[in-house]
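# Observations on the model geometry
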Amino acid sequence: MTVPHTGTGHSSGTTHPATPALALLLDVDGPVASPVTREVKPGIIADLVALAAAGIPIIFNTGRSDAFIREQVMEPMIAAGMPADTVVHAICEKGAVWFSYTSAGAGPVHVDHELAVPKAYGDDIRRMVAEDYSAHMFFDETKRAMVSVEQHVDVPSEDYLAEQKLFDADALELLGRHGLSAAILDHHSPQSDDTGDYRLDPTIISTDIESVRLGKDLGASRAVELLAAQGITPQAWRTVGDSRTDYAMADWLHHNDHEVQHLDVRPADGVPAKPYSILTAVDLGLGDDVIHDDAGGAFLRRWRQEHAG
């Protein structure tokens, strides 16, 4: 995998350490961006900038598109004063797309086209959404490899989730008509999702249709490679997510002998037994009702206090 050229780096010869105490591998929807507004609070942006400036590697590992990351995360971080010698990596569409950015902006966007959903299927989903589901959801035109459909912000969650079940059934049936084998991801048994070449991954605000080779574990692998290419080997990792599938980040890191703790900002989905430590908002003395970006923001503030002053 080639690392995008950004004009700067974090090698041992620069101001940032080659063996930082932590590296942060962050899901975006939920822990960083509000699942309600889809925006990132200024306080979270400020903490991300401070951590990155202190030499703590920041890597986003998300199903979101590179366009979303540029608009909602990169541009606010640059506006908040991201230092010139700081590199942030963004692994998008669950590992199919990645790029890096500095205060000068985004580097080249890399796409693994072998992991893309066939275009003809995506075109049919676009038509289906326009004809049958446009009152509740929209087709995400920014995706390069996945096919994603997302809830309109002004649609009540309960209404969207009811309509989502109908959409998912239609999308699955359409995969069959295209001769593509697929299944709907079982959130409670993530290890059983690879029953075809593609899968539907419904979340609380969207449905992603994707190659079964994509996942947060692929994103974790790419993150380690991107840092290694810069000469960076973190002493430990903190992975952050809001769903059971996000545990794949920490699973991969632990399996490959990296020290890791995972923060679950929506533990009501169920906290599985794992061979590594799992954190929730309760570990900061907060109530179990503190979830999503409120929990993610609280931990970013704590890590900033510990590592960036």
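Look up: the structure comes first, before these words.
So, a few notes on the structure that sits alongside this text.

Rules used throughout
- Residues numbered from 1 in each chain as written.
- Predicted model: local features only at pLDDT ≥ 70, side-chain atom pairs only at ≥ 80, totals over all residues.
- Heavy atoms only, no water.
- Pairing = 2+ DSSP bridges.
- Helix = DSSP H or I, 4+ residues; strand = E, 2+ residues; numbered from the N terminus.
- Axes fitted to C-alpha atoms, helices over the stretch in contact; angles between N-to-C directions.
- Contact = heavy atoms within 4.5 Å.
- Buried < 20%, exposed > 50% of the residue type's maximum accessible area, 1.4 Å probe, protein only.

It is worth spelling out the sheet that holds strand 11 (residues 206-211) at this point. Sheet architecture is open: five strands sit in the order 7-8-11-10-9, paired in mixed fashion. The outermost strands of the open sheet, each flanked by one partner alone, are strand 7 (137-139) and strand 9 (182-184). Averaged over all adjacent pairs, the angle separating strand axes in this sheet is 20 degrees, with direction ignored. Packing of helix 3 (residues 119-133) onto the sheet brings it into contact with strand 7, strand 8 (147-151) and strand 11, and relative to strand 7 it is tilted by some 150 degrees. Sitting on the sheet, helix 4 (residues 157-177) is in contact with strand 7, strand 8, strand 9, strand 10 (198-202) and strand 11, with an inclination near 25 degrees to strand 11.

Despite not being glycine, Asp257 shows a phi value in the positive range, around 70 degrees. Tracing the chain through its elements places Asp257 in the loop between helix 6 (247-255) and strand 13 (260-264). Since its relative accessible area comes to 72%, Asp257 is described here as exposed. With a phi close to 50 degrees, His292 is a non-glycine residue in the positive phi region. In this structure, His292 sits in helix 7 (residues 292-307).

This is a description of form; function is not addressed.
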